[in-house]
Amino acid sequence: MTRVLGAAQAVAYEPVIGLEVHVELATESKMFCGCRNRFGAEPNTLVCPVCLGLPGSLPVVNRRAVELVCKTGLALGCSIAHVSKFDRKNYFYPDMPKNYQISQYDMPLATGGAVTLPSGKRIRLTRIHLEEDTGKNIHGGGAMAAASATLVDYNRAGVPLMEIVSQPDLTSPDEAGEYLAALKAVLSYLGVSDVKMHEGSLRCDANVSLRPVGTQDVGTKIEIKNMNSFRSVVRALQYEIQRQTDVLRAGERVVQETRTWDEERGLTYATRSKEQAHDYRYFPDPDLVPLHLDDEIVAAWRAELPELPLAKRDRFLAAYGLSRYEADLLTGERTTAEFFEAVVAHCGEPKAAANWLLGDVRRALDKHGLTLDATRMRPEHLATLICQVRDGVVSGRAAKEVCEILVRDGRHPAEVVAERNLAQVSDRVAIEALVGEVIAANPESVAAYRTGKAKAFEFLVGQAMKASRGRANVELVRTALRARLG
Amino acid sequence: MSNKPIDMDIAHVAKLARLALTDDEAAQFAAQFAHLFTYIRQLQELDVDTIPATAQVIPLRNVMRDDIVTPSLERDAALGNAPDWEGPYFRTPRILE
Ligand SMILES: [Zn+2]
């Protein structure tokens, strides 16, 4: 036994990871009926005979949802099906009132394609299909648990849901995180979804198996569910890879199962399955006729695609002389990228615009719980501030104060500078007076400087800046101090 | 193509459909399914290579609606059609998570 264990321990394993991402589409109405598609409404107020599966009701496909899935497919280099159809996935679970979910089985809207990571590595896709989301079951809690009941809210039932299935091309948890970030960036650029993982509009299941390094073996695949953030996907995969490694090194076998990620305890556990061998008995939905997508409509959709994140990043690198790091951060979200370009268009200072957006603006947004979308700051406001710093109208230090007010209140910088009396003081007489006061108030430092302590000079400069509330032109202060101290 | 009866697991199918069948019913359905399969087998004898596969016999395609919101049901009306509800929710016997 010990010998077997020793042999097994010598083997190094590598993970093989694939992701299934579900994305709620940002349509106005649901997939097959006119109920509003909105998160957070009062329970069961967005339901109708179609999404409740009442007898005699008929589903009709939402054209916009088909368009959004196909545009996603085109953006990711998929082939768009000439003919596609919807199927019924049959199962008994009260999250769907019909006892089936309308999905796509063997003729999805898009196949092939890839998500390109920042490194350039391509993670191939198997398919992208369109289906309807399920309702929400509310388990346990209070009187309900005692009554041994499950409560159901069907507001989400019938919301258009896009499923993006990757091939098992991911080889580490961090790569899975990069894949999700890259995919999220593309989806947000396309505007197909608001991609809020915490509200469930982007959800992810992972499957992971291990194989001895360097082999093409196929290990037992474990599916992990219930990961609610990119970070929890990475953590769950790290945990699961370690768990499977331990199992294999102990000379045991990994059992095929679905496991649930427990965020608080930081582990996965085997899910009690409702029906072990899934037999969904897919068949074509007789209530829905096939979709035929001709080259003309596909070409029209392709022509409407925006510039995508990686293309934008490469253009930013070439056009604005930014670092790779800055270009990655600025193009991660479309709003940030567009804001940046608008600022540059106004002030022509790309490096400064990047510094402000990724530094003080971001800090101010975080501090006030805002996003660039939600702030009333206009690109021309930030551009004006950048020009004011460049032209010596305000000092760098005062500009930081102005920046926070721009982000918080959306006011014009000139107004803020005037009102708060933050304009930089470059007047020679005023600077002389300021320096005179500082020298008079700090005789020890003056003496120290004269005995050769360079630090004392910086202290005096600091005192002058403090006395002027950051407004004094620091170069003029240095010149005046040097002249006076001789 | 053999003519031997197709072996169908009636118990499995009944379980998937959540039907509690008596032994007599199971035997009766098994016989009826066997009859159906015999009928379908006739189709398998035909050459259908030149006929495109279809999931629909209705001569329609691309029946779609614009993405426009229409009124939903009043909640009371929606819940009122259900056998059971509690507060703003539909209510079912407790299920496993
Ligand atoms: Zn509806």
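A quick note: this is a predicted structure, and the numbers were derived from the prediction, not measured.

J.: Even after reading the chapter, I still don't get the overall build of chain B, so can you show me in this structure?
T.: Each helix and strand counted, chain B has three helices and three strands in total. The linear arrangement of helices and strands in chain B, starting from the amino end, is α-α-β-α-β-β. Since a compact globule built from 97 residues should have a radius of gyration of about 13 Å, the 23 Å found for chain B marks it as more spread out than a globular shape. As displayed, chain B has an accessible area near 7,900 Å², and 58% of this comes from carbon and sulfur atoms.

J.: Where do I start with the coordination of the zinc ion in this structure?
T.: Six octahedral donors around a metal ideally subtend angles of 90 or 180 degrees, whereas four tetrahedral donors ideally subtend 109.5 degrees. All names here are of chain A. Those protein atoms acting as donors to the zinc ion are Cys 33 (SG), Cys 35 (SG), Cys 48 (SG) and Cys 51 (SG), and they sit at 2.3 to 2.4 Å. Along the chain, the residues donating to the zinc ion are arranged with the sequence spacing C-x1-C-x12-C-x2-C. A residue pair is termed long-range when its members are at least 10 positions apart, and Cys 33 in the loop between strand 1 (13-24) and strand 2 (61-62) and Cys 51 in the loop between strand 1 and strand 2 qualify at 18 residues. Taking relative accessible area as the criterion, Cys 51 reaches 4% and is therefore assigned buried.

J.: What is the right way to look at the packing of aromatic side chains in this model?
T.: Any aromatic ring pair is given by two values, namely how distant the centres are and how the planes are angled relative to each other. Residue and element names in this part refer to chain A. This model, assessed by the stated rule, comprises 10 aromatic pairs over all chains. Note on Tyr 105 and Tyr 282: the rings are 4.2 Å apart at their centroids and 15 degrees apart in plane angle, and the pair reads as stacked. Placement of Tyr 105 in the loop between strand 6 (100-103) and strand 7 (110-111) and of Tyr 282 in the loop between strand 16 (267-270) and strand 17 (283-284) is noted, with a sequence separation of 177 residues between them. Between the aromatic rings of Tyr 320 and Phe 340, the centroid separation amounts to 5.2 Å while the plane-to-plane angle is 85 degrees, which identifies the pairing as edge-to-face. Within this pair, whereas Tyr 320 is found in helix 7 (residues 309-320), its partner Phe 340 is found in helix 9 (residues 334-347), the two being separated by 20 residues in sequence.

J.: What's the story with a nonpolar patch on the surface in this structure? I'm lost.
T.: On the surface, B:Tyr39, B:Ile40, B:Leu43, B:Leu46, B:Val48 and B:Ile51 cluster together into a nonpolar patch covering about 630 Å² of accessible area. Looking at the element boundaries, B:Ile40 is found in helix 2 (residues 23-44).

J.: Would you mind going over the nonpolar core with me for this structure?
T.: Taken as a class, soluble globular proteins show a tendency for nonpolar side chains to be buried jointly. All names here are of chain A. In this structure, Val 66, Tyr 179 and Phe 340 are the most contacted members of the largest nonpolar core, which totals 121 residues. The residues that make up this core include at least three from each of domain 1 (7-298) and domain 2 (307-419). If near-sequence neighbours (up to four positions away) are discounted, Phe 340 is found in contact with Phe 316, Tyr 320, Leu 322, Leu 330, Pro 350, Ala 353, Ala 354 and Leu 357. Core analysis: the next-biggest nonpolar cluster, separate from the first, contains 17 residues, Val 425, Val 435, Met 465 and Leu 485 among them.

J.: Any chance you could explain the sheet that holds strand 2 (residues 85-86) of chain B here in plain terms?
T.: Picture the strands of a sheet paired through backbone hydrogen bonds; they go either parallel or antiparallel. Reading across the sheet, the four strands line up as 10(A)-11(A)-3(B)-2(B) and stay open at both edges, with antiparallel pairing between neighbours. Every other strand in the sheet has two partners, leaving strand 10 (136-138) of chain A together with strand 2 of chain B as the edge strands with one partner each. Sheet topology note: the strand 10 of chain A/strand 11 (residues 149-153) of chain A ladder contains three bridges and is antiparallel. Bridge assignment links A:Ile138 to a residue of strand 11 of chain A, and that residue is A:Leu151.

J.: Is there a simple way to explain the sheet that holds strand 6 of chain A in this structure?
T.: Residues and elements named next belong to chain A. One open sheet accounts for three strands, arranged 6-5-17; its pairing is antiparallel. Lying at the two open borders of the sheet, with one neighbouring strand each, are strand 6 and strand 17. In this structure, strand 5 (residues 87-90) lies alongside strand 17, joined through two bridges in antiparallel fashion. Each bridged residue has a counterpart across the sheet, and for Asp 87 the counterpart in strand 17 is Pro 284.

J.: Is there a simple way to think about the interface of chain B and chain A in this case?
T.: Many analyses report the size of an interface as the accessible area lost when the parts associate. Of the residues lining the interface, 34 residues belong to chain B; the matching set on chain A comes to 58 residues. Overall, the association of chain B and chain A removes approximately 4,100 Å² of surface from exposure, summing both partners, and the carbon and sulfur fraction of that is 58%. When the area that chain B buries against chain A is broken down by residue, the three leading residues are B:Met64, B:Arg65 and B:Asp67, summing to 17%. Remark: the boundary between chain B and chain A carries one salt bridge. The partner of A:Arg63 in a salt bridge is B:Asp66, and the shortest N-O contact between them spans 3.0 Å. Across the contact surface, chain B and chain A share 20 residue pairs in polar contact (both at pLDDT 80 or more). At the level of elements, helix 1 (10-16), strand 1 (64-65), helix 3 (75-80) and strand 3 (89-93) of chain B are the ones that each hand at least two residues to the side of chain B that touches chain A. For the side of chain B that touches chain A, the element with the most residues is strand 3 of chain B, which contributes five residues. Here the side of chain B that touches chain A is built from residues that sort into 17 nonpolar, seven polar and 10 charged. Pairing geometry for strand 11 of chain A and strand 3 of chain B, over four bridges, is antiparallel.

J.: Any chance you could explain the pairing of strand 12 (residues 160-166) of chain A here in plain terms?
T.: Within a regular beta strand, the side chains point alternately toward one face of the sheet and then the other, so they alternate between its two faces. Residues and elements named next belong to chain A. Counting buried residues along strand 12, seven of its seven residues qualify, which places the element largely inside the surrounding structure. On strand 12, burial covers both faces: Pro 160, Met 162, Ile 164 and Ser 166 on one face and Leu 161, Glu 163 and Val 165 on the other are all buried. Of the strand pairs in this sheet, strand 9 (residues 122-132) and strand 12 are connected by seven bridges, and their pairing is antiparallel. Among the inter-strand pairings, His 129 is bridged to a residue of strand 12, identified as Glu 163.

J.: Explain the pattern of salt bridges here, please?
T.: Side-chain pairing between opposite charges can occur once the charged atoms of the two side chains come close. Residue and element names in this part refer to chain A. Enumeration over the complete set of coordinates arrives at 45 salt bridges over all chains. A salt bridge links Glu 28 to Arg 36, with the nearest nitrogen and oxygen atoms 3.9 Å apart. One salt bridge in this structure joins Glu 304 and Lys 71, with 2.6 Å as the shortest N-O distance. Of this pair, Glu 304 sits in the loop between helix 6 (295-303) and helix 7 while Lys 71 sits in helix 2 (residues 63-75); the two residues are 233 residues apart in sequence, bridging distant segments of the chain.

J.: Any chance you could explain helix 14 (residues 428-441) of chain A here in plain terms?
T.: An α-helical turn contains 3.6 residues, so any two residues separated by three or four positions project in the same direction. Residue and element names in this part refer to chain A. Over its 14 residues, helix 14 extends 20 Å from the first C-alpha to the last, a length consistent with the 20 Å expected when each residue adds 1.5 Å. Among the residues of helix 14, Ile 431, Leu 434, Val 435, Gly 436, Val 438 and Ile 439 are the ones counted as buried. Residues of helix 14 that are buried make contact with helix 15 (443-450), helix 16 (454-467) and helix 17 (474-485).

The rules behind the values
- Residues numbered from 1 in each chain as written.
- Chains lettered and ligands numbered in written order.
- Predicted model: local features only at pLDDT ≥ 70, side-chain atom pairs only at ≥ 80, totals over all residues.
- Heavy atoms only, no water.
- Helix = DSSP H or I, 4+ residues; strand = E, 2+ residues; numbered from the N terminus.
- Rg over C-alpha atoms; globule rule 2.2 N^0.38 Å.
- Areas by Shrake-Rupley, 256 points an atom, 1.4 Å probe, with all protein chains shown as cover.
- Donors = N, O, S within 2.8 Å, 3.2 Å for Na, K, Ca; no water.
- Buried < 20%, exposed > 50% of the residue type's maximum accessible area, 1.4 Å probe, protein only.
- Phe/Tyr/Trp six-rings, centres within 6.5 Å; stacked < 30°, edge-to-face > 60°.
- Patch = residues over 30% accessible without salt bridge, like charges linked within 9 Å, V, L, I, M, F, W, Y side chains within 5 Å.
- Salt bridge = Lys/Arg side-chain N within 4 Å of Asp/Glu carboxyl O.
- Core = buried A, V, L, I, M, F, W, Y, C linked by side-chain atoms within 4.5 Å.
- Domains from an automatic or database assignment.
- Contact = heavy atoms within 4.5 Å.
- Pairing = 2+ DSSP bridges.
- Buried area = accessible area lost by both parts, 1.4 Å probe.
- Polar contact = N/O pair within 3.5 Å; in protein donor to acceptor, adjacent residues only side chain to side chain.
- Nonpolar A, V, L, I, M, F, W, Y, C, P; charged D, E, K, R; others polar.
- Expected span 1.5 Å × (residues − 1).

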